[in-house]
Amino acid sequence: MKKDFSGLKRLQEQLSGIVTEKDRFMAQTARGLSAIFLREVKKRTPVRSGKLRRGWKAGHAEKRGGLYITRVQNPVSYAPYVEYGHRTRGAGGVPEAQRKRKWIEGQFMMTNSVRATEAERKAFAAKRFEEFLKGGGKRGG
């Protein structure tokens, strides 16, 4: 007795295509969300030489378990001090006991950008998901 499993094979291919399409959609959406955040954090970054503002980069979207993650970071060495604040060293050449140290407040460019973009990011994700459900997820974007 010969069995015909061609229907199951077709179903397997269709399901595989759906999973691939979902992964592509999720990665594109993660990249879009990081672009929104990146735009805002650059706008909030103070400029002296421009090095700090140019330092912002968003990584590729990667899948970790059921999550799609992009990392936005700034490798400029003094970025954490501008973000969170720092204490000054005081005047050079002045004895330690006489140096005036003061606290420089942080700019909180990342922290404030998270809050500032929350509604925009949610709207973007909802719109992308709606397009995906309507069959528009096959386009780039």
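Quantities reported herein were computed from a predicted structural model and do not represent experimental measurements.

Caption draft 1: How the structure looks around the pattern of salt bridges. Throughout the structure, instances matching the rule amount to 10 salt bridges. Between Arg-24 and Glu-21 there is a salt bridge; the shortest N-O distance is 2.8 Å. Taken as a pair, Arg-24 and Glu-21 lie in helix 1 (residues 6-44) at a separation of three residues, close to a single helical turn. The salt bridge partner of Glu-62 is Arg-64, with a shortest N-O separation of 3.1 Å. The exposure class of Glu-62 is partly exposed, given its relative accessible area of 39%. Taking the relative accessible area as the measure of exposure, Arg-64 reaches 43% and is therefore partly exposed. By sharing partners, the salt bridges in this structure join Lys-22, Asp-23 and Lys-63 into a single network.

Parameters and conventions
Residues numbered from 1 in each chain as written. Predicted model: local features only at pLDDT ≥ 70, side-chain atom pairs only at ≥ 80, totals over all residues. Heavy atoms only, no water. Salt bridge = Lys/Arg side-chain N within 4 Å of Asp/Glu carboxyl O. Helix = DSSP H or I, 4+ residues; strand = E, 2+ residues; numbered from the N terminus. Buried < 20%, exposed > 50% of the residue type's maximum accessible area, 1.4 Å probe, protein only.

Purely spatial values, then, with no claim about function.
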